[in-house]
Each structure stands twice: as structure tokens, then as C-alpha cells.
Amino acid sequence: MKTVVPCYYHLDVEVSPERVDQVRRILAAHLRYWNLENLVEPVCHCAELLLRTIDAHATDKNTTLEMWWNGQHLITAIADIDGKSHPEAATRGWLAHVTALSDGWGCCATGSGGRIVWFSRRARAMERAPLVPSAPAPSLRESRGTPRELPVPVLAGPAPEGPLVGATAE
């Protein structure tokens, strides 16, 4: 059984429309590198929603993004320095998507007036087994043995004391 090595990724980025797509590709590459191919779409979609909301509504576009993988859970956190500038309608929109695509989420305030939004997904690392061509299964003629010439003694009865008739010594 393979043991999973905990992984961590940290990115400081100034959010812009071009950078959002670039950050999505970076996150997807890290998830694939960590053998978490099945988490690429939901995690990248949630991160993209949060980054686009920051781009549209925050005055300070500097953001920190972090991902932790412990072998069972992937936690993604996005810290927004200007957390009070988001309108309520924008918050409800991305919050519904994050809730639907994650196993858990949360939000907390930072000491500098911003906020950190995090979400988690449960998963297992996909096993990478090399593809090896298997030998073809034998045909029916090859797999059937020849019938026995000697009867098989019954297990419940006594074993014969002498040599079997027609048996050859090897």
C-alpha cells in the first residue's frame, strides 16, 4: 500500500481577468501532479469563482491562495485583503456554487480587515499502475486437460494399501 505524502502549495497573486485563467491552470497542474485528477474540475471552478468575485468587487486585488493535501482531504483557502467590499448578491452567488461543489466550507476574518474563504473536498489519490499487456486467455482446447485414466480414490473411504492397478512409478 502506498503512503500519501502531505502536500502544500502557496501562491500570492494580484487578481486580474488574465491571471484568473492562469491560476486555474496552475491549480490544475498541481492537482494532477498530486494524483488528484478527479478534483481538478470542482476545485478549479470554486477557486475561479472566488477569484473572479475578488476581481470584480475588491479594491485591493492582492490575494493569497493555499492548498493542503493530507491524503484524505484537499483544503483550498483564498485570502482576500479587502473583505468588506463584496455586495451581498455577489456573495450569495459564489457561495451557492462552493456549497454545491465542496464537502465543507467556511469563512473567517483576518486581523487586517480581510477574510479567508476555504473549502474542502474528500478524495483518495488515484493509484498509478503501469499498463502492461496481459497474455491472452487460453482457448477451451488448451485449458481442458485430458481425462484421467485412473479413478480418484474417495476421500471418506480407506486408502488402498497396495499400488493402484495401471499406475506407473515415476
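Let me begin by describing the structure that accompanies this report. Not measured: the values here are computed from a predicted model. (Residues numbered from 1 in each chain as written. Predicted model: local features only at pLDDT ≥ 70, side-chain atom pairs only at ≥ 80, totals over all residues. Heavy atoms only, no water.)

## A look at the pairing of strand E4 (residues 104–109)
As paired strands, E4 and strand E5 (residues 115–122) are joined by six bridges and run antiparallel to one another. Bridge pairing links Gly 106 to Trp 118 in E5. Hairpin connection from E4 to E5: five residues lie between these consecutive antiparallel strands, with Gly 113 at a positive phi of about 95°. (Pairing = 2+ DSSP bridges. Helix = DSSP H or I, 4+ residues; strand = E, 2+ residues; numbered from the N terminus.)

## A look at the sheet that holds E5
Strand order in the open sheet formed by five strands is E1-E2-E3-E5-E4, with antiparallel pairing between adjacent strands. Every other strand in the sheet has two partners, leaving strand E1 (7–14) and E4 as the edge strands with one partner each. Each adjacent strand pair in this sheet contributes to an overall mean axis angle of 15°, direction not counted. Where strand E2 (residues 62–69) meets strand E3 (residues 73–80), seven bridges bridge the pair, whose relative direction is antiparallel. Counted as the bridge partner of Thr 64 is Ala 79 from E3. Along the sheet face, helix H1 (residues 17–33) touches E1, E2 and E3 and points at about 170° away from the line of E1. (Axes fitted to C-alpha atoms, helices over the stretch in contact; angles between N-to-C directions. Contact = heavy atoms within 4.5 Å.)

## Examining the nonpolar core
If you look at the biggest cluster of nonpolar residues, it comprises 31 residues, and the most contacted ones within it are Leu 27, Leu 31, Trp 34, Met 67 and Leu 74. Those elements giving two or more residues to this core turn out to be E1, H1, helix H2 (40–57), E2, E3 and E5. Ranked by residues supplied to this core, first place goes to H2 with eight residues. (Core = buried A, V, L, I, M, F, W, Y, C linked by side-chain atoms within 4.5 Å. Buried < 20%, exposed > 50% of the residue type's maximum accessible area, 1.4 Å probe, protein only.)

## Topic: a nonpolar patch on the surface
Among the surface-exposed residues, Tyr 8, Trp 68, Ile 75 and Trp 118 lie close enough to one another that they form a single nonpolar patch of about 360 Å² accessible area. Examined against the element boundaries, Tyr 8 turns out to sit in strand E1. Note on Tyr 8: relative accessible area 43%, which makes it partly exposed. (Patch = residues over 30% accessible without salt bridge, like charges linked within 9 Å, V, L, I, M, F, W, Y side chains within 5 Å. Areas by Shrake-Rupley, 256 points an atom, 1.4 Å probe, with all protein chains shown as cover. Salt bridge = Lys/Arg side-chain N within 4 Å of Asp/Glu carboxyl O.)

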